[in-house]
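Summary of the model geometry
Single-letter residue listing:
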Amino acid sequence: MMLVHPWLLERLACPYDGGAIREGPATLVCAACGRHFAVVDGVPVMLRDDVAQTHDAVRDSLAQVQPVVDAATADPDAAPVPAEGPPPATQFRNELAPEIDDYVQEAVSATCGLMYESLVGHLDTYPIPEMRIPPGPGAGRTLVDVGCNWGRWSFAAARAGFTPIGVDPTLGAVRAASRVAKQIGATAHFVAGDARYLPLHDATANITFSYSVLQHLAKHDVRRALREMRRVLASGGSAIVQMPNALGARSLMVQAKRQFRRASGFEVRYWTIRELRAAFERLIGPTTVSVDGYFSLNPQTVDLSLLPLRYQAVVRTSDALRKASQHLPWLVTLADSLYLSAERSARD
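Residues numbered from 1 in each chain as written. Predicted model: local features only at pLDDT ≥ 70, side-chain atom pairs only at ≥ 80, totals over all residues. Heavy atoms only, no water.

Attention shifts here to the overall build of the protein. A tally of helices and strands in the protein yields nine helices and twelve strands. Taking 20 Å as the expected radius of gyration for a compact globule of 348 residues, we find that the protein reaches 20 Å, a close match to that expectation. For the protein, the spread of C-alpha atoms along the principal axes amounts to about 65 × 55 × 45 Å. A burial count over the protein gives 54% of its 348 residues as buried. Considering only contacts within the protein whose residues lie at least 6 apart along the sequence, 71% involve residues at least 24 apart. (Helix = DSSP H or I, 4+ residues; strand = E, 2+ residues; numbered from the N terminus. Rg over C-alpha atoms; globule rule 2.2 N^0.38 Å. Buried < 20%, exposed > 50% of the residue type's maximum accessible area, 1.4 Å probe, protein only. Contact = heavy atoms within 4.5 Å.)

Right under this line is the structure:
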């Protein structure tokens, strides 16, 4: 039995040197450098252990699979060693909707935003958003979801006809994404990987996408991630990334509360529109900036029925302003949440 889906295996590349990946008896192996990568529940774990990590979860992910990698390195023909990891959380199970994955029940606020805090442990459906993508069919096209967590945007892409590859450094998150994909019947593939060292071959994707993820990284790490998102794009492909606007009303309030000090850890880093446009155009290609929303970094109208009434009003107002910004471009400068859409230039 194959360790990972053949379609995904063909597209995987070593995050250290870009080498092709083949299957061994118990692990994936880089054909160039010989490094071994564990596979847990069909999810390849392709994280680098020789770089500064952006989150404690990455270190936890590496620790969970280290025994597998060590065993395969010592004896490549040995039988598989199961990866040890914490079991899925159960304290957040909604007994009225036991079909909702426990990980998602716990992580819904962390992944969808503070407006979803009251839903922790009380979800009765998966909050899967609608993806605003360039015109054209998704069928036959590949979308790489950078920082996918439990896969909500990957599933949105699958609904739009794309074949998504979700990449996230948190092993528990991508294992949950894989479980949810099976549960809802979505065709989607998931990899434990780092946005700065995407474990994919060049020109793999038609679209690279990221939502509410890169804002948590130091700006030099964001620039490295953008280079990677461009590298894996096919010619004419687009990178679509949500980022915060430093001059949005809510963004200014948050920055004022922390006295405009430099962000640290997993705090949000705020960018001006000029900074964003300059980075995307230099590292990817011609870029357009549009509004995602106001008063929040994650306003999703499809989730209105899930939210408390006070937040429904926020989301409705945000969406009205977003639509108005299409006719009044100056409103873009006041948005809290922006979409950057950059087309890969043909400079190399």
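Ordered in space as β1-β2-β3, the three strands form an open sheet in which the pairing is antiparallel. With partners counted over all chains shown, the strands left at the sheet margins are β1 (21-23) and β3 (36-37), one partner each. (Pairing = 2+ DSSP bridges.)

A few words now on the pairing of strand β12 (residues 337-343). Of all seven residues that make up β12, five are buried, and the element is covered over most of its length. Relative to β12, strand β10 (residues 233-244) is paired through seven bridges, and the arrangement is antiparallel. The residue bridging Ala-239 from the neighbouring strand is Ala-342, located in β12. Relative to β12, strand β11 (residues 287-293) is paired through six bridges, and the arrangement is antiparallel. Looking at the pairing, Val-291 lines up with Leu-338 of β12.

When their charged atoms lie close together, side chains carrying opposite charge are able to pair. With the rule as written, the count across this model stands at 13 salt bridges. For the salt bridge of Asp-292 with Arg-132, the shortest nitrogen-to-oxygen distance reads 3.3 Å. One end of the pair, Asp-292, is in strand β11; the other, Arg-132, is in the loop between α3 (102-112) and β6 (142-146), and 160 residues separate them in sequence. Here Asp-202 makes a salt bridge to Arg-231, at a shortest N to O gap of 2.7 Å. Of this pair, Asp-202 sits in the loop between β8 (189-192) and β9 (205-210) while Arg-231 sits in helix α6 (residues 219-231), and the two are 29 residues apart along the sequence. Under the relative-accessibility criterion, Asp-202 is labelled exposed at 54%. Arg-231 gets classed as partly exposed once you look at its relative accessible area, which sits at 24%. (Salt bridge = Lys/Arg side-chain N within 4 Å of Asp/Glu carboxyl O.)

Let's shift gears to unusual backbone geometry. Residue Ala-203 is not a glycine yet carries a positive backbone phi of 55°. With relative accessibility at 43%, the residue Ala-203 sits in the partly exposed group. Phi angles above zero are rare outside glycine, and Ser-212 is one such case at about 55°. Structurally, Ser-212 can be placed in the loop between β9 and α6.

A few words now on the environment of Thr-170. When you line up the elements, Thr-170 lands in the loop between β7 (163-168) and α5 (171-184). In sequence terms Thr-170 and Ala-320 are 150 residues apart; their C-alpha atoms lie 35 Å from each other. Setting aside residues no more than four positions away along its own chain, Thr-170 makes contact with Ala-57, Ser-61 and Tyr-103.

Moving on: the confidence of the model for the protein. For the protein, per-residue confidence averages 91 on the pLDDT scale, and residues scoring 70 or more make up 91% of the total. For the protein, helix α2 (residues 56-74) is the element with the lowest average pLDDT, namely 89, and β8 is the one with the highest, namely 98. In this model residues 86-93 is a low-confidence stretch, pLDDT under 50, and it forms twelve contacts with partners more than four residues away in sequence or in other chains. (pLDDT = per-residue confidence, 0-100.)

Following the sequence through the fold, Arg-322 ends up in helix α9 (residues 309-325). Within the local environment of Arg-322, its side chain forms a polar contact with the side chain of Asp-319, the two groups lying 3.0 Å apart. Discounting residues that sit within four places of it in the chain, Arg-322 has contacts with Arg-132, Val-291, Asp-292 and Tyr-294. (Polar contact = N/O pair within 3.5 Å; in protein donor to acceptor, adjacent residues only side chain to side chain.)

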